[in-house]
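# A look at the structure
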Amino acid sequence: MNHADAAEKFNKDFDRTTWHDETLWWVRQKRDRAAFAIPEWEQLRETASQIKHNVLSNLDNYLIEFEKNAQKSGITVHWAADAHEHNQIVLSILKSQGVTEIVKSKSMLTEECHLNPYLTENGVEVIDTDLGERIVQLADEPPSHIVLPCIHWKKEEIGVLFHKHLGTPEGCADPVLLTHAARANLREKFLTRRVAITGVNFAVAETGEFVVCTNEGNADMGAHLADVHIACMGIEKIIPKREHLGVFLRLLTRSATGQPITTYSSHFGKPREGQQMHIVLVDNGRTVQLGREQFRNSLKCIRCGACMNTCPVYRRSGGHSYHNAVAGPIGAILAPNLDMTKNADLPFASTLCGSCSNVCPVKINIHEQLYEWRQVLTKSGHSPTAKTLSMKVMSAVLSNPTVYHLSGKIGRFAMANAPFVVNNSFNPWFKQREMPEPPKESFGEWYKKNRGEK
Amino acid sequence: MKVGLFIPCYVDQFYPQVGIATLQLLERFGCQVSYPAKQTCCGQPMANSGYEHLTHDCNRLFINNFSEFDYIVSPSGSCVLHIKDHLHDDKREGEATHVRTHIYELTEFLTDILKVENLTAHFPHRVGVHQSCHGQRGLHVAQMSELVAPPFSKPEKLLKMVTGLELVKLDRVDECCGFGGTFCVAEEAVSVRMGIDRVDDHIKNGTEVLTGGDMSCLMHLEGVIRRRQLPIKVMHIAEILNAK
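Residues numbered from 1 in each chain as written. Chains lettered and ligands numbered in written order. Predicted model: local features only at pLDDT ≥ 70, side-chain atom pairs only at ≥ 80, totals over all residues.

## Remarks on the overall build of chain B
In terms of regular secondary structure, chain B is built from 13 helices and 8 strands. By the compact-globule yardstick of 18 Å for 244 residues, chain B fits well, its C-alpha radius of gyration being 17 Å. Counting every position in chain B, which comprises 244 residues, the buried fraction comes to 61%. Within chain B, counting contacts between residues at least 6 apart in sequence, those at least 24 apart form 77% of the total. (Helix = DSSP H or I, 4+ residues; strand = E, 2+ residues; numbered from the N terminus. Rg over C-alpha atoms; globule rule 2.2 N^0.38 Å. Buried ≥ 20, exposed ≤ 12 C-beta atoms within 10 Å, placed from the backbone. Contact = placed C-beta atoms within 7 Å.)

## A few points about the overall build of chain A
A count of helices and strands for chain A gives 22 helices and 10 strands. For chain A, the C-alpha atoms occupy an extent of roughly 90 × 55 × 45 Å along the three principal directions. Every one of the 454 residues in chain A was classed for burial, and the buried ones make up 48%. Excluding contacts between residues fewer than 6 apart, the proportion of contacts in chain A whose partners are at least 24 apart in sequence is 72%.

## Focus: the sheet that holds strand β8 (residues 233-236) of chain B
All names here are of chain B. With parallel pairing, the 4 strands of this open sheet are ordered in space as β6-β5-β7-β8. Every other strand in the sheet has two partners, leaving β6 (166-167) and β8 as the edge strands with one partner each. With 4 bridges connecting them, strand β7 (residues 209-212) and β8 associate as parallel partners. Counterpart to Gly-212 in the pairing with β8 is His-236. Here helix α12 (residues 215-227) sits on the sheet and contacts β5 (126-130), β7 and β8; the angle it forms with β8, its principal contact strand, is near 170°. (Pairing = 2+ DSSP bridges. Axes fitted to C-alpha atoms, helices over the stretch in contact; angles between N-to-C directions.)

## Quick word on the domain arrangement of chain A
All names here are of chain A. Looking at the assigned domains, one finds that chain A contains domain 1 (1-37 + 305-383), domain 2 (40-284) and domain 3 (390-451). Look at where the C-alpha atoms of domain 1 and domain 2 centre, and you get two points 23 Å apart. Listed as interface residues are 22 residues of domain 1 and, on the opposing side, 24 residues of domain 2. Among the secondary structure elements, those contributing two or more residues to the side of domain 1 that touches domain 2 are α2 (14-36) and α14 (306-310). (Domains from an automatic or database assignment.)

## What about the nonpolar core?
Counting 191 residues, the largest nonpolar core has Phe-210 and Met-233 of chain A as its most contacted members. Counting residues per element, this core draws most heavily on α12 of chain B, which supplies 7 residues. Not counting chain neighbours up to four residues away, the residues in contact with Met-233 of chain A comprise Leu-109, Gly-199, Val-200, Ala-203, Phe-210, Ile-279, Leu-281 and Val-282 of chain A. Core analysis: the next-biggest nonpolar cluster, separate from the first, contains 5 residues, Met-391 of chain A together with Met-46, Ala-47 and Leu-54 of chain B among them. (Core = buried A, V, L, I, M, F, W, Y, C linked by C-beta atoms within 7 Å.)

## With respect to the confidence of the model for chain B
Model confidence for chain B is summarised by a mean pLDDT of 97, while 100% of its residues fall at 70 or above. Here the prediction assigns the complex a pTM of 0.96, and the interface score ipTM is 0.97. (pLDDT = per-residue confidence, 0-100.)

## Quick look at helix α18 (residues 366-379) of chain A
With 14 residues, α18 of chain A should reach 20 Å at 1.5 Å per residue; the first-to-last C-alpha distance of 20 Å fits that figure. All buried positions along α18 of chain A are accounted for by Ile-366, His-367, Gln-369, Leu-370, Tyr-371, Trp-373, Arg-374, Leu-377 and Thr-378 of chain A. Looking at the packing, one finds that the buried side of α18 of chain A touches α14, α16 (328-338) and α17 (355-359) of chain A together with α3 (44-48) of chain B. At the C-terminal side of α18 of chain A, Gly-381 of chain A shows a positive phi close to 80°. (Expected span 1.5 Å × (residues − 1).)

## Regarding the interface of chain B and chain A
Facing the 57 residues of chain B at the interface are 59 residues of chain A. Those elements giving two or more residues to the side of chain B that touches chain A turn out to be α1 (9-14), α2 (16-28), α3, α4 (56-66), α8 (133-138), α10 (183-186), α11 (188-204) and α12 of chain B. When its residues are assigned to classes, the side of chain B that touches chain A shows 32 nonpolar, 13 polar and 12 charged. (Nonpolar A, V, L, I, M, F, W, Y, C, P; charged D, E, K, R; others polar.)

## With respect to the packing of helix α1 (residues 3-11) of chain A against α11 of chain B
With their axes 7 Å apart at the nearest point, α1 of chain A and α11 of chain B run at an angle of 45° to one another. Between α1 of chain A and α11 of chain B, the angle is such that the two are oblique. For the pair formed by α1 of chain A and α11 of chain B, the contact residues are Ala-7, Glu-8 and Asn-11 of chain A on the first element and Ala-189, Val-190 and Arg-193 of chain B on the second. Residues belonging to the contact of α1 of chain A with α11 of chain B are distributed by class as follows: 3 nonpolar, 1 polar and 2 charged. (Parallel < 35°, antiparallel > 145°, perpendicular 65-115°, else oblique.)

## Some remarks on the sheet that holds strand β9 (residues 264-268) of chain A
Where strands meet in a sheet, backbone hydrogen bonds hold them as pairs that are either parallel or antiparallel. All names here are of chain A. Taken in spatial order, the 4 strands line up as β8-β5-β6-β9 in an open sheet, and their pairing is mixed. This sheet does not close on itself; its edge strands, each paired only once, are β8 (238-239) and β9. Pairing of strand β5 (residues 202-204) with strand β6 (residues 209-214), which is carried by 3 bridges, proceeds in the antiparallel orientation. Within the sheet, the bridge partner assigned to Phe-202 lies in β6 and is Val-211. Running at roughly 30° to β9, helix α11 (residues 218-225) makes contact with β6 and β9 of the sheet.

## Structural notes on the environment of Tyr-104 of chain B
Along the chain, the position of Tyr-104 of chain B falls in strand β4 (residues 103-105). With 23 C-beta atoms counted inside 10 Å, the residue Tyr-104 of chain B sits in the buried group.

## Thoughts on unusual backbone geometry
Residue and element names in this part refer to chain A. With phi around 55°, His-114 is a residue other than glycine that occupies positive phi space. Topologically, His-114 is positioned in the loop between α6 (108-112) and α7 (115-121). At Leu-352, a position not held by glycine, the phi torsion is positive, near 60°. When you line up the elements, Leu-352 lands in the loop between α16 and α17. On the neighbour-count criterion, Leu-352 (25 C-beta atoms within 10 Å) is buried.

## Quick word on the packing of helix α9 (residues 155-166) of chain A against helix α10 (residues 175-192) of chain A
Residues and elements named next belong to chain A. Closest axis-to-axis distance for the α9/α10 pair is 10 Å, and the angle between their directions is 35°. Here α9 runs over α10; the crossing is left-handed. From α9, Lys-155, Ile-158, Gly-159, Phe-162 and Leu-166 reach across to α10, where they touch Pro-175, Leu-178, Ala-181, Ala-182 and Asn-185. For the contact of α9 with α10, the class distribution of residues is 7 nonpolar, 2 polar and 1 charged. (Left-handed = near helix turned anticlockwise from the far one by under 90°.)

## As for α16 of chain A
Residue and element names in this part refer to chain A. Most of α16 sits out of view: 10 of its 11 residues are buried. Listed as buried for α16 are Gly-328, Pro-329, Ile-330, Gly-331, Ala-332, Ile-333, Leu-334, Ala-335, Pro-336 and Asn-337. Where α16 is buried, its residues contact α13 (286-291), α14, α15 (312-315), α17 and α18.

## Overview of the pairing of strand β3 (residues 71-74) of chain B
Looking down a regular strand, the side chains alternate between one sheet face and the other. Residues and elements named next belong to chain B. With 3 bridges joining them, strand β1 (residues 2-5) and β3 adopt parallel strand pairing. In the strand pairing of β3, Leu-5 is matched with Val-73. Pairing of β3 with β4 involves 3 bridges; the strand directions are parallel. Bridge assignment links Ile-72 to a residue of β4, and that residue is Ile-103.

This is the structure we're talking about:
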């Protein structure tokens, strides 16, 4: 289902759309309060953007530096060209351990690679330990938001879900009790699983360490209790130096949820004694995007989700309408790189209002890239034939003043005298909006009469 | 000062009173204004739909119509932004550059070029401003709520010079109305929902007259208002600044 159809379905429930919009707008307001408390906020954004600029221009060297330093610390480094190779690497580590049950904390990369279904098909049970992700996992759904995976679920609905899966009392919708139930259930998994997968927020080239940010401590709990820690990261997560964390950690959570910092910003530098630590560095289209000059800045993304929370379209269509692991404005500029045919609709799911680009903590010009993707997709034949035809007609009319004036006259005459020509169910404008009332004369006609042609 | 009046296609066809008010305002401030009769459209409907490559003829026509003026002024921030960002011509890039760098949205022309400090307008109503995205985030006629930066608003500065006028404070000061060009039909459900929410904000805060610098957003909001028979009038800011 394309975005417009999914969004129409989403909007059928008016009150739920209101609730979804207001919930996310509340997060945007929290972001505003956090950002406005930092006088040098705009300078921080610029600095972060420039650091990432440097990273993207020297990615190959930073990756090699990171690998060397990580290996020195006893971390095993793997390279995956694409999602499939990433999944194979993870599975091969699990097989070498003889493990069929694992825990995993939040990682949008593993969502992007569809690791969970792959492991399930291969006989491995994956338990997502982030509370929001656990909820959507129990509901057999993908996350609808990269930071707030179950933001589309109401607490009453989670109560029903937990009653079914975790045995909470029927009708219980108390967030504290539900969270306790999830915690008790997850505790047993943490204690018994021998392998833990985590994502990576930042990987530091100069030290070979990586940083994982969570609010729940679930990444730490998983990694510290497991014999084997596998960290999966996209290659763009590299930063040159540890001191750069001082910029990114200040921006990340203020942008994401309005908190000053994540509850846990954990540095993983080397395996503890007897533990194995693996890092899987994944390309999966990133080097292709790096080569697309007008889109390469999209790789600066630190996955804070601020562009989603501010996006008036995302708030009123929900994350699932973007049919991609990463939804919202950033998803709409990343997804076509992965599959133009499947994701040709996404860059059009925007009014180009520009709010996304201006909340982005690394200053990605998201709305300009949406515009550029529209051009690229159209030129490479991913636009419907009927649309191309109507655009050609429009262009012919609008570039010829005589035809334009005549069409305008005929159009206004028809609207005034035979309104059913436009006021019908085939006109999407008219479904929920009145057409403008056609005036007797155009401005051009008035001008000619009143001022004469100059 | 020779000013070329650029009246976008849909304003020409549906809102002649906006063109008239813009013309009269500029003349009141002593501009020598001409309206080139052969103008049509800026080409944005094609470009934003992914067909920028079909806008060459529109670009050529636009340059023919407007390259001779000192300034080009239009009552539409969105169309002005499109020209500023995308008007090019391989053979006449010098003229294209002149047009791109001398085109102004009406309120920024009044405040920045004419440096208007006084108006003789009178409009005794509660007025709510719809701050259109392209004017605001594109042309910076007002500060956007996302940036940690001092607030300002050129349209509101002008409206404050109108006697009797009371500005309405909104809950969401600069959320998009959902028009978005072809978005308004391609993503009809979200577009309308955004329009409804914008209008609700105005209703809730007591707007009598909803105004703005972009007639396209206002056309969309007016369509929602009229269908739902809500007690709000929609007027372009030029009409209010020109009100006696």
